[in-house]
Amino acid sequence: MDTLHRCVKEVLRLHPPAMMLLRHARRSFTVRTREGNVYDVPKGRTVASPLVIHNRLPHEYRDPETYEPDRFGPGRREDIAGGAFSYTAFGGGRHACVGEAFAYMQIKVIWSHLLRNFEMEMVSPFPETDWNVVMPGPKGKVMLRYNRKRMPAAA
Ligand code: HEM
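Residues numbered from 1 in each chain as written. Predicted model: local features only at pLDDT ≥ 70, side-chain atom pairs only at ≥ 80, totals over all residues. Heavy atoms only, no water.

## Here we look at the environment of Gly36
Here comes step 1: Of note, Gly36 is situated in the loop between strand 2 (29-32) and strand 3 (38-41).
Here comes step 2: For Gly36, a relative accessible area of 37% translates into the label partly exposed.
Here comes step 3: Separated by 13 residues in the primary sequence, Gly36 and Arg23 place their C-alpha atoms 23 Å from one another. (Helix = DSSP H or I, 4+ residues; strand = E, 2+ residues; numbered from the N terminus. Buried < 20%, exposed > 50% of the residue type's maximum accessible area, 1.4 Å probe, protein only.)

Printed below as a string of structure tokens:
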């Protein structure tokens, strides 16, 4: 189950359903980047924090474009190594997703059932991401062939 958890987590790092977090600045403040650039954010502005960018920062994630669930395993823990906001597929801070644990449970229940009972094969090409929607998903049709696995008869 730990492996499946890391696989789901890695998919959500690369393809977060929520593309960005939006906040309304209730007071003016200043941001300093790690490169030393300083930005003033005036009161009243909307601040957009793009998950799709900061979940792939190369100083947080080794080979950020690569699907690699073990980056979250013991010894690496890239989701927390760079700080509390290294991994933000579920947001963070005061408004972090309250459904995170429930979402993992649901997704793992469904995938455990599928992986245990079916052989699956993708028959269409790997899809591109459709970014022109509120919640990005696969572009076009995704075709899958699946066959029920033969389970050994119970003794
Ligand atoms: C893969 C599944 C999910 C993802 C990727 C996800 C992602 C997120 C993100 C990024 C936020 C932060 C939004 C922000 O800061 O503006 C959020 C907030 C929230 N999520 Fe989820 N979510 C998921 C599933 C769920 C589920 C299953 C529930 C409820 C059962 C849920 C309930 C909420 C609620 C109530 C908030 C608002 C929390 C607040 O503003 O204090 N989410 N979610």
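## Let's talk about the nonpolar core
Here comes step 1: Formed by Leu4, Val8, Leu12, Tyr61, Phe72, Tyr87, Ala89, Phe90, Ala103 and Tyr104, the largest nonpolar core amounts to ten residues.
Here comes step 2: Sorting the residues of this core by element identifies helix 1 (2-14) and helix 4 (100-117) as the ones contributing at least two each.
Here comes step 3: Broken down by element, the residue count for this core peaks at three residues, all from helix 1.
Here comes step 4: In contact with Leu4, not counting residues within four places along its chain, are Lys108, Trp111, Ser112 and Leu115. (Core = buried A, V, L, I, M, F, W, Y, C linked by side-chain atoms within 4.5 Å. Contact = heavy atoms within 4.5 Å.)

## Concerning the packing of aromatic side chains
Here comes step 1: Counted according to the given criterion, the structure contains three aromatic pairs.
Here comes step 2: A centroid spacing of 5.6 Å and a plane angle of 85 degrees characterise the contact between Phe72 and Tyr87, whose relative ring orientation is edge-to-face. Residue Phe72 is located in the loop between helix 2 (51-54) and helix 3 (78-81), and its partner Tyr87 is located in the loop between helix 3 and helix 4; the two are separated by 15 residues in the primary sequence.
Here comes step 3: Classification of Tyr87 by relative accessible area gives buried; the value is 9%.
Here comes step 4: Relative to Tyr146, the ring of Phe118 lies with its centre 5.7 Å away and its plane at 85 degrees, an arrangement referred to as edge-to-face. Within this pair, whereas Phe118 is found in strand 5 (residues 118-122), its partner Tyr146 is found in strand 8 (residues 144-148), the two being separated by 28 residues in sequence.
Here comes step 5: The exposure class assigned to Tyr146 is exposed, which follows from its relative accessible area of 54%. (Phe/Tyr/Trp six-rings, centres within 6.5 Å; stacked < 30°, edge-to-face > 60°.)

## Regarding the coordination of the iron atom of the ligand
Here comes step 1: For the iron atom of the ligand, the protein supplies a single donor, Cys97 (SG), at a distance of 2.3 Å.
Here comes step 2: Tracing the sequence through the fold places Cys97 in the loop between helix 3 and helix 4. (Donors = N, O, S within 2.8 Å, 3.2 Å for Na, K, Ca; no water.)

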